[in-house]
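This is what each chain is made of:
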Amino acid sequence: MKRLIFTLFIGMLGLSAFAQTNYEGFDIYGLDSENQVKKVIFGIELSAGSEAGVGLRLQRNFGKYFAWDIFQFKYTFDYTGDEVDYVYGDYHQDYKKTHKMSITTGIRLFTPTFGNNCKIFAAFGYGYGPNSRLVNFYYYDECTYWTHTHAIDCSIGLQYKKFHIGYGLNSHIGWKYRNTDHTVRLGFNF
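For clarity, every value in this text was computed on a predicted model and none was experimentally measured.

A.B. asks: I would appreciate a short explanation of the environment of Asp69 in the present structure.
C.D. replies: Its location among the elements puts Asp69 in strand S3 (residues 66–78). Look at Asp69 and you get buried, because its relative accessible area is 2%. Expressed as a C-alpha distance, the spacing of Asp69 and Arg108, which sit 39 residues apart in the sequence, is 6.8 Å. Every residue in contact with Asp69, bar those within four places of it in the chain, is listed here: Arg57, Leu58, Gln59, Thr105, Gly106, Ile107, Arg108 and Ala123.

A.B. asks: How do you make sense of the pairing of strand S1 (residues 40–49) when you look at a structure like this?
C.D. replies: Walk down a regular strand and you will see the side chains alternate between the two sheet faces. With 9 bridges connecting them, S1 and strand S2 (residues 52–61) associate as antiparallel partners. Along S2, the bridge assignment pairs Phe42 with Leu58. Here S1 folds back onto S2, and the loop between the two strands holds 2 residues. Direction of pairing for S1 relative to strand S9 (residues 177–189): antiparallel, over a ladder of 7 bridges. Counterpart to Ala48 in the pairing with S9 is Val184.

A.B. asks: What is the right way to look at a nonpolar patch on the surface in this model?
C.D. replies: On the surface, Phe114, Ile120, Ile156, Leu158, Ile165, Tyr167, Val184 and Leu186 cluster together into a nonpolar patch covering about 710 Å² of accessible area. Going through the elements one at a time, strand S7 (142–160), strand S8 (163–174) and S9 are the ones with two or more residues in the nonpolar patch. When you line up the elements, Ile156 lands in strand S7. Exposure remark for Ile156: the relative accessible area of 47% places this residue in the partly exposed category.

A.B. asks: Got a minute to help me understand unusual backbone geometry in this structure?
C.D. replies: For residues besides glycine, phi is generally negative; the peptide bonds are generally trans as well. Phi at Asn117 is positive, roughly 60°, even though this residue is not glycine. Within the fold, Asn117 resides in the loop between strand S5 (91–110) and strand S6 (118–137). When its relative accessible area of 24% is taken as the criterion, Asn117 is described as partly exposed.

A.B. asks: Can you walk me through the environment of Thr80 in this structure?
C.D. replies: Within the element layout of this structure, Thr80 appears in the loop between S3 and strand S4 (85–88). By relative accessible area, Thr80 is classed as partly exposed at 48%. For the pair formed by Thr80 and Glu51, sequence separation is 29 residues and the distance between their alpha carbons is 7.0 Å.

Conventions used here
Residues numbered from 1 in each chain as written. Predicted model: local features only at pLDDT ≥ 70, side-chain atom pairs only at ≥ 80, totals over all residues. Heavy atoms only, no water. Helix = DSSP H or I, 4+ residues; strand = E, 2+ residues; numbered from the N terminus. Buried < 20%, exposed > 50% of the residue type's maximum accessible area, 1.4 Å probe, protein only. Contact = heavy atoms within 4.5 Å. Pairing = 2+ DSSP bridges. Patch = residues over 30% accessible without salt bridge, like charges linked within 9 Å, V, L, I, M, F, W, Y side chains within 5 Å. Areas by Shrake-Rupley, 256 points an atom, 1.4 Å probe, with all protein chains shown as cover. Salt bridge = Lys/Arg side-chain N within 4 Å of Asp/Glu carboxyl O.

Function cannot be read off these values alone, since they describe shape.
Okay, here's the thing in structure tokens:
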């Protein structure tokens, strides 16, 4: 596993050197006629669906079609409750409301420009996600406690210049806990 991570890291370093020397052309969106590349951008994103949330992103671009989401932080409130009920011994545990945070890193891919300055994008992120859950024990009282999970975040959508809209999947997986939410996302890049 360490060899695989090391190989991917070296490959990404080589890709960045190749992109810096060989990429010429448009701004980060590939839509304007400027010859200046904006290599690092900051983005904000709002989401609504089976959860509501806000996210911040620091993105490093390696060309018109590939970017690395260096750091992404999201806070979401899952008001619909979790998908999994947990039965242990003589009590039944039901997760009601969850405050979720995720710190991820990942990649972002873009298609060539089409139509009226639009692009399709896809993003995948993986990282750490602490959760605060309100738990209802049927034979006991309600309580709130923290769990630590793996966070997986995927998006696909349409980008128009600095704005994007799309579908998002946010999943948190931990010991005896699993939750996946589907949202519509609206974002802006600075």
